[in-house]
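Coordinates in review
Below, each chain spelled out in residue letters.
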Amino acid sequence: MRALAQRDFRRVVFLGAGGLKGIATEAALKMLELTAGQVDCHAESPLGFRHGPKSMLDESTLVILLQSNDGYCRRYDDDLLEELRRDGTTEWISCPAELVDGSGLEDAWLALHYIVFAQLLAFYKSLALGITPDNPCPTGEVNRVVQGVTIHPFSAGRSVDLRHRHRRHQDRVCLFRRRPE
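Our subject in this report is the structure included herewith. (Residues numbered from 1 in each chain as written. Predicted model: local features only at pLDDT ≥ 70, side-chain atom pairs only at ≥ 80, totals over all residues. Heavy atoms only, no water.)

Helix 5 (residues 107–128) packs onto helix 2 (residues 20–34) with a crossing angle of 15° between their chain directions and a minimal axis gap of 9 Å. When the interaxial angle is binned, helix 2 and helix 5 end up roughly parallel. Once helix 2 is placed against helix 5, the crossing between them reads as right-handed. Across the interface between the two elements, L20, I23, E26, A27, K30, M31 and L34 of helix 2 pack against D107, A111, Y114, I115, A118, Q119, L121, A122, F123, K125 and S126 of helix 5. Partitioned by chemical class, the residues of the contact of helix 2 with helix 5 number 12 nonpolar, 2 polar and 4 charged. (Axes fitted to C-alpha atoms, helices over the stretch in contact; angles between N-to-C directions. Helix = DSSP H or I, 4+ residues; strand = E, 2+ residues; numbered from the N terminus. Parallel < 35°, antiparallel > 145°, perpendicular 65-115°, else oblique. Left-handed = near helix turned anticlockwise from the far one by under 90°. Contact = heavy atoms within 4.5 Å. Nonpolar A, V, L, I, M, F, W, Y, C, P; charged D, E, K, R; others polar.)

Next up, the structure:
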């Protein structure tokens, strides 16, 4: 992993399907944070990546494919991996599944392996760039504790219905309920 972080990539895209898309997003955020914005970071689903974001690939782009253990999703992951290797736009394609033994794990458990991989990769990239990971933005652009945000009152028992639509996927409804204090 240190060798991967030593490569001279200036852009990274993390790809993950289903629940692994959230891990891809967190991985991109961590890389962006620990490299103080010196590495341009993106997150996308493997299918969504083909709809335009793929055009961002060049010789300075690292692609991290968080492969799913779900048989159906994995087929799309494998198709994209083959396509990227065939296109040759970037030489730097990494699949953490090749580095961690997640065989047989459901994606929810595999995600734990992937997030550790992403955190360590960001840590080592920070060091490779000469940045202190404990304080990547000493000038204060990014703080460990979010500052300047007003927390507005939220009435107990109120439900919030959030609907998310993703390309070619069914609507998913998440209900969040704050517990009474």
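This is not the end of the story, as more comes after the structure.
In most cases, non-glycine residues show a negative phi, while peptide bonds are predominantly trans. The backbone of A36 sits at a positive phi, close to 50°, despite the residue not being glycine. By relative accessible area, which is 33% here, A36 ends up partly exposed. (Buried < 20%, exposed > 50% of the residue type's maximum accessible area, 1.4 Å probe, protein only.)

With that out of the way, let us pick up the pattern of salt bridges. Within this structure, the stated rule accounts for 8 salt bridges. Residue E82 is joined to R86 by a salt bridge in which the shortest nitrogen-to-oxygen separation is 3.8 Å. One end of the pair, E82, and the other, R86, are both in helix 4 (residues 71–87), 4 residues apart, so they sit about a helical turn from each other. Here E82 and R86 have matching classes, each one exposed. Through salt bridges with shared partners, one network takes in R50, K54, E83 and D87. (Salt bridge = Lys/Arg side-chain N within 4 Å of Asp/Glu carboxyl O.)

The end-to-end C-alpha distance of helix 2 is 21 Å, a good match for the 21 Å that 15 residues give at a rise of 1.5 Å each. Of all the positions in helix 2, only L20, I23, A24, A27, A28, K30, M31 and L34 are classed as buried. Along helix 2, the residues classed as buried sweep out an arc of 165° about the axis, all on the same side. Against strand 1 (11–16), strand 2 (40–44), strand 3 (61–66) and helix 5 lie the buried residues of helix 2. Positive backbone phi, at 50°, marks A36, one or two positions downstream of helix 2. (Expected span 1.5 Å × (residues − 1). Arc of directions from axis to C-beta.)

With that settled, consider helix 4. Between the first and last C-alpha of helix 4 there are 24 Å, a value that for 17 residues agrees with the 24 Å anticipated at 1.5 Å per step. Turning to helix 4, its buried residues are D77, L80, L81, E83 and L84. Burial along helix 4 is one-sided: seen end-on, the buried residues are contained in an arc of 165°. Residues of helix 4 that are exposed and angled more than 90 degrees away from the buried face: Y72, R75, E82 and R86.

The topology assignment puts R85 in helix 4. When near neighbours in sequence (up to four residues on either side) are disregarded, R85 contacts I93 and E98.

Another aspect to go through is the side chain of T61. Mapped onto the elements, T61 comes out in strand 3. The buried category is assigned to T61, whose relative accessible area is 0%. A distance of 2.9 Å separates polar atoms of two side chains, one belonging to T61 and the other to D58. Those residues in contact with T61 that sit more than four places away from it in its chain are R11, V13, M56, T90 and W92. (Polar contact = N/O pair within 3.5 Å; in protein donor to acceptor, adjacent residues only side chain to side chain.)

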